Amino acid sequence: RNYKSKRLFFTTDINKAIKESDIIFIAVGTPTAKDGVSADLKNVYAVAKTIAKNINKYKIIITKSTVPVCTGDEVEKIIKKRKKFCKLYKCNKTK
């Protein structure tokens, strides 16, 4: 229903999607790091850097990956380095 009404869309063009969206979910894989204990957050941080490069207005950005507590703070720092109007609300699960 939302797809047919054009309120929901899918694309492989992440840059365009970031620019045109009001809400962005970061939902990527967080495999176990090489140490065998902690999460490998490179995918989360890569998406945050891509958002920072393309963000053009106020967005709601939600981290929806299984990540350690405070990962959202790091994501916010990455995006804020580039854009000062960012306020990230975090919805993290703990590992």
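Residues numbered from 1 in each chain as written. Predicted model: local features only at pLDDT ≥ 70, side-chain atom pairs only at ≥ 80, totals over all residues. Heavy atoms only, no water.

### So, the pattern of salt bridges
Next, step 1: In the structure shown here, the tally under the stated rule is 4 salt bridges.
Next, step 2: A salt bridge links Lys42 to Asp40; the shortest N-O distance between them is 3.6 Å.
Next, step 3: Accessibility expressed as a relative area gives 56% for Lys42, which makes it exposed.
Next, step 4: Salt-bridge contacts for Glu74 lead to Lys77; the nearest nitrogen and oxygen are separated by 3.3 Å. Placement of both Glu74 and Lys77 in helix 3 (residues 71–82) is noted, with a separation of 3 residues, approximately one turn of the helix. (Salt bridge = Lys/Arg side-chain N within 4 Å of Asp/Glu carboxyl O. Buried < 20%, exposed > 50% of the residue type's maximum accessible area, 1.4 Å probe, protein only. Helix = DSSP H or I, 4+ residues; strand = E, 2+ residues; numbered from the N terminus.)

### Quick look at the nonpolar core
Next, step 1: Ile26, Ile51, Ile61, Val75 and Ile79 are the most contacted members of the largest nonpolar core, which totals 16 residues.
Next, step 2: Within the residue set of this core, elements represented by two or more residues are strand 1 (23–26), helix 2 (42–54) and helix 3.
Next, step 3: Examining the composition of this core, we find that 5 residues originate from one element, helix 2, more than from any other.
Next, step 4: Apart from residues no more than four positions distant in its own chain, Ile51 is found in contact with Ile18, Ile24, Ile26, Ile61 and Ile79. (Core = buried A, V, L, I, M, F, W, Y, C linked by side-chain atoms within 4.5 Å. Contact = heavy atoms within 4.5 Å.)

### So, the environment of Val44
Next, step 1: As for its position among the elements, Val44 is in helix 2.
Next, step 2: Between the alpha carbons of Val44 and Lys64 there is a distance of 9.7 Å; along the sequence they are 20 residues apart.

### A few points about a nonpolar patch on the surface
Next, step 1: Among the surface-exposed residues, Ile23, Phe25, Tyr58 and Ile60 lie close enough to one another that they form a single nonpolar patch of about 410 Å² accessible area.
Next, step 2: Its relative accessible area of 47% is what places Tyr58 among the partly exposed residues. (Patch = residues over 30% accessible without salt bridge, like charges linked within 9 Å, V, L, I, M, F, W, Y side chains within 5 Å. Areas by Shrake-Rupley, 256 points an atom, 1.4 Å probe, with all protein chains shown as cover.)

### A short note on the packing of aromatic side chains
Next, step 1: Applying the stated rule across the entire model yields 1 aromatic pair.
Next, step 2: Aromatic pair Tyr3 and Phe10: ring centres 6.3 Å apart, planes at 40°, arrangement tilted. (Phe/Tyr/Trp six-rings, centres within 6.5 Å; stacked < 30°, edge-to-face > 60°.)

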